[in-house]
Amino acid sequence: MEFSQKKGLRGEITVPGDKSISHRSVMFGAISKGTTEISNFLTGADCLSTISCFRQMGVDIETDGNHVLVHGNGLHGLKAPSQRLDVGNSGTTTRLLSGILAGQRFASELDGDASIRKRPMRRIMTPLQSMGAEITSLNQNDCAPLRIVGKSLKGIDYLSPVASAQVKSCVLLAGLYAEGETRVTEPELSRNHTELMLSAFGADLTSSGKTAVIHPAKELYAQKIIVPGDISSAVYWVVAGLITPDSEITIRNVGLNPTRDGILEVCRSMNGQVSVSNERIQGGEKVGDITVKTSELKGTVIGGSVIPRLIDELPTMALLACFAQGDTVIRDAQELKVKESDRIAVMVENLTKMGADVEGTEDGMVIHGKCRLHGAELDSCLDHRIAMTFAIAGINASGTTKIKGAECVNISYPSFYEDLARLTRG
Ligand code: S3P
């Protein structure tokens, strides 16, 4: 796909539903009693993988566009799948589902695409095994395919070495089926959608600071869920609005959960004109509209506790930094290496091809700002967030930018190119 320089992005955008919340609404609905009704569900490929895994385990799920009905089987009602569960490209499906599968009365196998087969699963295998689970990496490389034989589990007090909502959620979901109390403490607080939503479904779950505690449940109960727009999809328009000359964009109905809103803080620290209006609480999650305007930006340091609050937005923040005066340092972000691609290596390679002055470090990047980008031939490495970041780079670079594998945006934002076309038409 090809992109060329644009200016004057003006208008309103509504981004699709939040990926993390969409996954969880199906998973928790599937193990609850009654029918969970989900609106504004993200119909990206990752969330469709979650739906198909639960259908394989006997859960009746009806979909009508973004409207989904999950007829739950109750906490102990999942059926043994007759085939391997296909998680596609989805790390969230793999890790959260593993926590649920560990406590079932059947054996199952999970596998996904080439990217999933490289992503680290030791981080969930270790805590699950200490709860008594039987989980093995079939290629003995601590990656998928995984085989999980359901066992009776016991609660643990787990000090997670990584700030990862996927690890935390996996252990908490296993804790639903475990004897006694399960406790997870993170080095920094990661997104807390599991804690908020599982409590709403009736789980005995409390959290305080960086620790969440769950007790086994007898039953969970269906809920009505309205999924807010995904801030991880809004970031492309936030950055496009800040760096594209003569722009003003409003993104409506964006989830602004405080464990996800790190971009607001970082953009403001870079002098970005970002304002939030119409703030409200919807189904336990904070939501609002974000307006951004073309800004004179300056470099900043992005590190420490803000990292888990913008982990998926860091590639786009690196692009933003190219347009800022001075240096931007991204640190404490070694997790970027184990996402859908090695996002440090891929960002450095692609930004460099476009003429940016950027260095990769062990735990992030250093971007020397105010470089002029020029078009280049780039590989998305089939990573949706890389493809979208470089589409925004392409409309802010001279010449033509060609992106290989650009269609991978269907993982989290199937209508991305239509929205881009609409905004650039003015
Ligand atoms: C997610 C958590 C994050 C994030 C991913 C979605 C989730 O991963 O990068 O896109 O829904 O829990 P980690 O928890 O591994 O950092």
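Provided above is the structure to which this section pertains.
As a starting point, this report considers the structure included with it. (Residues numbered from 1 in each chain as written. Predicted model: local features only at pLDDT ≥ 70, side-chain atom pairs only at ≥ 80, totals over all residues. Heavy atoms only, no water.)

**What about the overall build of the chain?**
- Scanning the chain from terminus to terminus reveals 12 helices and 27 strands.
- Scaling as 2.2 N^0.38, a compact globule of 426 residues should have a C-alpha radius of gyration of about 22 Å, and the chain matches this with 21 Å.
- If one aligns the C-alpha atoms of the chain with their principal axes, the spans along those axes are about 60 × 40 × 40 Å.
- The long-range fraction of contacts in the chain, counting pairs at least 24 apart against all pairs at least 6 apart in sequence, stands at 74%.
- A total accessible area of about 15,400 Å² is found for the chain, and carbon and sulfur atoms account for 48% of it.
- Here the chain contributes 45 positive and 49 negative side-chain charges, whose respective centroids are spaced 1 Å apart. (Helix = DSSP H or I, 4+ residues; strand = E, 2+ residues; numbered from the N terminus. Rg over C-alpha atoms; globule rule 2.2 N^0.38 Å. Contact = heavy atoms within 4.5 Å. Areas by Shrake-Rupley, 256 points an atom, 1.4 Å probe, with all protein chains shown as cover. Lys, Arg positive; Asp, Glu negative; His and termini not counted. Charge placed at Lys NZ, Arg CZ, Asp CG, Glu CD.)

**Focus on the pattern of salt bridges**
- Within this structure, the stated rule accounts for 32 salt bridges.
- Glu 349 is the salt-bridge partner of Lys 353, the closest N and O atoms lying 3.5 Å from each other. Of this pair, Lys 353 and Glu 349 both sit in helix H10 (residues 343–353), four residues apart, which is roughly one turn of the helix.
- For Lys 353, a relative accessible area of 36% corresponds to the partly exposed category.
- The exposure class of Glu 349 is partly exposed, given its relative accessible area of 47%.
- Each member of the salt-bridge network shares a partner with another, and the members are Arg 119, Arg 191, Asp 312, Glu 340, Arg 343, Asp 383 and Arg 385. (Salt bridge = Lys/Arg side-chain N within 4 Å of Asp/Glu carboxyl O. Buried < 20%, exposed > 50% of the residue type's maximum accessible area, 1.4 Å probe, protein only.)

**Description of the layout of surface pockets**
- Roughly 560 Å³ of volume is contained in the largest pocket.
- Around the largest pocket, the lining is made up of 36 residues, and of these Ala 163, Ser 164, Ile 311, Glu 335 and Lys 339 lie nearest the centre.
- Of all the secondary structure elements, the ones that give two or more residues to the lining of the largest pocket are helix H1 (19–30), helix H3 (91–102) and helix H5 (165–176).
- Broken down by class, the residue content of the lining of the largest pocket amounts to nine nonpolar, 10 polar and 17 charged. (1 Å grid on protein atoms, 1.4 Å probe; cavity = no way out; pocket = protein on both sides within 12 Å on 5 of 7 lines; lining within 4 Å. Points joined across faces, edges and corners; volume = space filled by probe spheres on them. Nonpolar A, V, L, I, M, F, W, Y, C, P; charged D, E, K, R; others polar.)

**Side note on the pairing of strand E19 (residues 285–293)**
- When you tally the buried positions in E19, you get seven out of nine residues, the bulk of the element.
- Two strands pair when backbone bridges link them, and strand E18 (residues 273–282) and E19 are joined in this way by eight bridges, in the antiparallel orientation. Paired with Ile 281 across the two strands is Lys 286, which belongs to E19.
- Taking the residues that link successive antiparallel strands as the turn, the E18-E19 hairpin has two residues, and the phi of Gly 283 there is positive, at about 55 degrees. (Pairing = 2+ DSSP bridges.)

**Some words on the packing of aromatic side chains**
- All told, the structure shown has seven aromatic pairs when counted by the stated rule.
- Here Phe 3 and Tyr 417 contribute two aromatic rings whose centre-to-centre distance is 6.0 Å and whose plane-to-plane angle is 35 degrees, an arrangement assigned as tilted. One end of the pair, Phe 3, is in strand E1 (residues 2–4); the other, Tyr 417, is in helix H12 (residues 416–425), with 414 residues separating them in the sequence.
- On the basis of relative accessible area, Phe 3 is assigned to the buried category, the value being 6%.
- Among the residues examined, Tyr 417 registers a relative accessible area of 15% and is labelled buried.
- For the pair Tyr 413 and Phe 416, a centre-to-centre distance of 5.4 Å together with 75 degrees between the ring planes defines the contact as edge-to-face.
- Accessibility expressed as a relative area gives 0% for Phe 416, which makes it buried.
- Through a chain of ring-to-ring contacts, three or more aromatic side chains come together here, namely Phe 3, Tyr 236, Trp 237, Tyr 413, Phe 416 and Tyr 417. (Phe/Tyr/Trp six-rings, centres within 6.5 Å; stacked < 30°, edge-to-face > 60°.)

**Description of the sheet that holds strand E2 (residues 10–14)**
- With respect to topology, four strands assemble into an open sheet ordered E2-E17-E19-E18, the strand pairing being mixed. Taken across any chain shown, the strands that pair with only one partner, and hence form the sheet edges, are E2 and E18. Strand-to-strand twist across the sheet, computed as the mean angle between neighbouring axes with direction ignored, equals 15 degrees.
- Across the sheet, helix H8 (residues 262–269) is in contact with E18 and E19; its angle to E18 comes to roughly 160 degrees. (Axes fitted to C-alpha atoms, helices over the stretch in contact; angles between N-to-C directions.)

**Details of empty space enclosed by the protein**
- Taken as a whole, this structure holds one cavity of 30 Å³ or more when the rule is applied.
- Of the pockets and cavities examined, the largest cavity occupies roughly 30 Å³.
- Lining the largest cavity are Lys 168, Val 184, Glu 186, Leu 189, Glu 195, Ser 207, Gly 209, Lys 210, Thr 211 and Ala 212.
- Of the residues in the lining of the largest cavity, the class split is three nonpolar, three polar and four charged.

**Brief notes about the nonpolar core**
- Ranked by size, the top nonpolar core spans 76 residues in total, and within it Trp 237, Ile 251, Met 317, Met 365, Ile 392 and Phe 416 carry the most contacts.
- With 10 residues, the top contributor of residues to this core is helix H7 (residues 231–243).
- If sequence neighbours within four positions are ignored, Trp 237 has contacts with Ile 13, Val 15, Ile 249, Ile 251, Val 292, Ile 392, Tyr 413, Phe 416, Asp 419, Leu 420 and Leu 423.
- Of all hydrophobic cores here, the second largest spans 65 residues; its members include Phe 41, Ile 61, Leu 75 and Leu 198. (Core = buried A, V, L, I, M, F, W, Y, C linked by side-chain atoms within 4.5 Å.)

**A word on the sheet that holds strand E11 (residues 157–159)**
- Taken in spatial order, the four strands line up as E11-E13-E15-E14 in an open sheet, and their pairing is mixed. Looking at strand neighbours, the two that pair on one side only are E11 and strand E14 (204–208), the edges of this open sheet. Adjacent strand axes in the sheet meet at a mean angle of 15 degrees, parallel and antiparallel pairs treated alike.
- Bridging between strand E13 (residues 182–185) and strand E15 (residues 211–215) involves four bridges; their strand directions are antiparallel.

**Focus: H1**
- The end-to-end C-alpha distance of H1, which contains 12 residues, comes to 17 Å, matching closely the 16 Å that a straight helix rising 1.5 Å per residue would cover.
- The element H1 is largely enclosed, with a buried count of 12 among its 12 residues.
- Among all positions in H1, only Lys 19, Ser 20, Ile 21, Ser 22, His 23, Arg 24, Ser 25, Val 26, Met 27, Phe 28, Gly 29 and Ala 30 are buried.
- Capping the start of H1, Asp 18 holds a side-chain oxygen 3.0 Å from the backbone nitrogen of Ser 20, two or three residues further along. (Expected span 1.5 Å × (residues − 1). Polar contact = N/O pair within 3.5 Å; in protein donor to acceptor, adjacent residues only side chain to side chain.)

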